[in-house]
Every structure is written in structure tokens, then in C-alpha cells.
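Okay, here's what each chain looks like letter by letter:
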Amino acid sequence: MAQDFSNKTLLLTRPMEDCFRFANCLHSVNAKIKLIYGPLFEIKHFPIIEPPSRGKKLIFTSKNAIASLSNSEIFYKGDAFCVGSETALKAREVGMNSVNADGNVIDLIKLIKRFSSPEKDSFVYYRGKEVSCDLALKLRNLKYSVEEVICYTKNQISYDSILKRDLSGGVIRGAVFFSKNSAVLFSKNVISLPQGFNCFCISKGVSDTLKKFYHADQLIIMTAKKPTANSMVNLINQEFLN
């Protein structure tokens with residue numbers, strides 16, 4: 001159980017727009033949780049020159065890639081396979097027929113296999129410069145045709161001295177991590193943490209990444225039951241109530 005979490009502040013580490021969105025979801029369940037925003041990176045979109053060919057199915061593991069299409073004024077009305085609910089919603093908002101794996105990359109592969117076939121379907125995978133899992137390679141190993149388009153990157157943000165002080169001094173008692181990349185960037189920003197710092201992680205992979213950078217007694221790690229925003233909200237609220 002988290003120690004003294006109910007009397008401390010929780011750090012959100014996503015890009016600012018996502019911080020706002022997640023804060024609204026969290027406060028709709030429990031408005032008493034104190035939050036501070038500390039994005040670890042910002043998104044830089046790349047221009048996309050050509051739209052996907054007609055008949056192609058699209059793959060998204062992040063809504064940032066969908067935003068890249070919109071920024072390039074490419075509006076596709078076909079099928080889109082999305083890793084999670086937020087990404088699928090973003091795809092529907094811009095006119096795509098999206099289906100949602102409601103999970104991680106493995107769940108997304110299962111969804112693609114269920115609703116498509118290598119003999120009939122080909123894909124365009126819009127993604128960031130860095131990925132934690134080579135989804136395209138896994139699909140090619142299943143005989144799928146997958147074109148990759150890198151359409152954004154993540155630029156690191158350095159924390160100021162005040163935020164670092166509040167983290168190392170225990171004013172901020174916990175943080176939320178939605179990706180392995182966030183865990184790595186956090187470790188570069190914050191060298192020292194107080195004993196019993198609460199880490200709310202979206203997956204075991206994220207929690208394992210954090211363990212590489214801090215002593216075991218520094219961290220209290222809690223992992224969501226499913227890799228979704230709703231599951232993260234439930235996890236945080238449960239620990240707050242405890």
C-alpha cells in the first residue's frame with residue numbers, strides 16, 4: 001500500500017495536453033487527489049508528404065501519429081487498428097473506422113490477425129521515431145505487408161531545480177508512468193528519490209525499467225491491471241483511498 005499518499009502530491013509525466021486529459025479523468029473519480037504537471041517530453045510532428053494508398057489499412061500505437069496526419073492535412077476515411085481506447089477515439093474523431101485492441105502491442109497483433117489476413121490486406125504503420133516494441137517486424141514475420149512512416153519524435157524536457165527539490169525532498173510523493181521512455185527520462189531528470197516513492201506504472205515493462213535506476217527501498221511500485229488510462233485511474237484512486 002502507498003505510504004502517506006493521501007497527504008502528498010502526485011506528479012503527472014505525460015505531455016501537457018495528455019496531463020490535462022488524464023487529470024480530468026482522475027478528478028472525475030476523486031477530486032481530492034493533488035496533482036502537479038511535469039511533462040518529460042514534448043511531441044514534434046514531422047510533415048507527411050503522401051496520404052496512404054486507397055485500400056490500405058492503418059495501424060496506430062499512439063494518438064500522436066494521428067495528430068501528425070491531421071497536421072499534414074491528410075484525412076483518411078478507411079480502417080484503422082489502434083492499440084488503446086484513447087487512440088481509437090482520436091481516429092474516429094478525424095473520420096476513420098477504428099477498432100480498439102484495448103491493451104498493448106500483443107493485443108493489437110491479435111486484433112489485426114482476427115480482422116485481417118496477410119493474403120488480402122496490407123498496412124501502413126504510422127509511428128514515432130522510437131518504439132519500445134518492433135510491431136512492424138512482428139507482423140512481417142506473420143507474412144503481413146507493413147509500410148512504416150515515422151511521423152513524430154519526442155524531445156526531452158529537463159526539470160527545473162524547484163521540481164527536482166520537491167521530488168527528492170518528498171513534497172511530491174509519487175509519479176505516474178505511461179511508458180518505458182518516460183521511466184528512462186525521469187531517471188535522467190531525478191537522480192535521488194526519498195524512500196517509499198510511489199510509482200504508478202501502466203505495465204510491468206515500465207515498472208521493470210524504473211527498477212534499473214533506483215534502489216528497491218526507494219520505490220513502491222504499483223502496476224495497472226490493464227495497460228489503459230482507465231485502469232491507471234482505478235489504481236491511483238484505490239491507493240489514495242487506502
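As shown above, the structure is provided for reference.
Being a predicted model, the structure only gives us computed values, none of them experimental.

J.: Sorry if this is basic, but what is going on with helix α2 (residues 63-71) here?
T.: An α-helix turns once every 3.6 residues. As a result, residues three or four positions apart point the same way. Taken across its nine residues, α2 has seven buried, putting it largely inside the fold. Those residues of α2 that sit buried are Lys63, Asn64, Ala65, Ile66, Ala67, Ser68 and Leu69. At its buried positions, α2 is contacted by α1 (16-29), β3 (41-45), β4 (57-60), α3 (85-93), β7 (122-128) and β8 (145-156). The opening residue of α2, the one whose side-chain oxygen lies 3.0 Å from the backbone nitrogen of Asn64, is Ser62. Where α2 terminates, the next one or two residues include Glu73, which has phi positive at roughly 55°.

J.: Explain the pairing of β7 to me, please; I cannot follow it from the model alone.
T.: Most of β7 is tucked away: six of the seven residues are buried. In terms of strand pairing, β4 meets β7 through four bridges, oriented parallel. When the bridges of β7 are listed, Ile59 appears paired with Tyr125. As paired strands, β7 and β8 are joined by seven bridges and run parallel to one another. By the bridge assignment for β8, Tyr125 is matched with Glu148.

J.: Can you walk me through the pattern of salt bridges in this structure?
T.: A side chain of one charge can pair with a side chain of the opposite charge if their charged atoms are brought near each other. Evaluation of the coordinates by the stated rule reveals 13 salt bridges. The closest approach of N and O atoms between Lys57 and Asp79, which form a salt bridge, is 2.8 Å. Here Lys57, found in strand β4, pairs with Asp79, found in strand β5 (residues 79-82); they are 22 residues apart in sequence, far enough to count as distant. The buried category is assigned to Lys57, whose relative accessible area is 13%. With relative accessibility at 26%, the residue Asp79 sits in the partly exposed group. Linking Asp102 and Lys226 is a salt bridge whose minimum nitrogen-to-oxygen distance equals 2.8 Å. Of this pair, Asp102 sits in the loop between β6 (97-100) and α4 (105-115) while Lys226 is found in the loop between β11 (219-223) and α9 (229-241), placing the two residues 124 residues apart along the sequence. Taken together, the shared-partner salt bridges in this structure form one network comprising Arg14, Glu17, Asp18, Arg21, Lys63 and Glu86.

J.: Just to check I follow, could you spell out the sheet that holds strand β10 (residues 197-201) for this structure?
T.: Taken in spatial order, the five strands make up an open sheet running β2-β1-β9-β10-β11, and their pairing is parallel. Edge positions in the sheet fall to β2 (34-37) and β11, since each has one partner strand and no second. Strand-to-strand twist in this sheet, taken as the mean axis angle between neighbours without regard to direction, amounts to 25°. Here strand β9 (residues 172-177) runs beside β10; their pairing, made up of four bridges, is parallel. Directly across from Gly174, in β10, lies its bridge partner Asn198. Helix-sheet contacts for helix α8 (residues 204-211) involve β9, β10 and β11, and the interaxial angle to β11 is about 165°.

Rules and cut-offs
- Residues numbered from 1 in each chain as written.
- Predicted model: local features only at pLDDT ≥ 70, side-chain atom pairs only at ≥ 80, totals over all residues.
- Heavy atoms only, no water.
- Buried < 20%, exposed > 50% of the residue type's maximum accessible area, 1.4 Å probe, protein only.
- Helix = DSSP H or I, 4+ residues; strand = E, 2+ residues; numbered from the N terminus.
- Contact = heavy atoms within 4.5 Å.
- Polar contact = N/O pair within 3.5 Å; in protein donor to acceptor, adjacent residues only side chain to side chain.
- Pairing = 2+ DSSP bridges.
- Salt bridge = Lys/Arg side-chain N within 4 Å of Asp/Glu carboxyl O.
- Axes fitted to C-alpha atoms, helices over the stretch in contact; angles between N-to-C directions.

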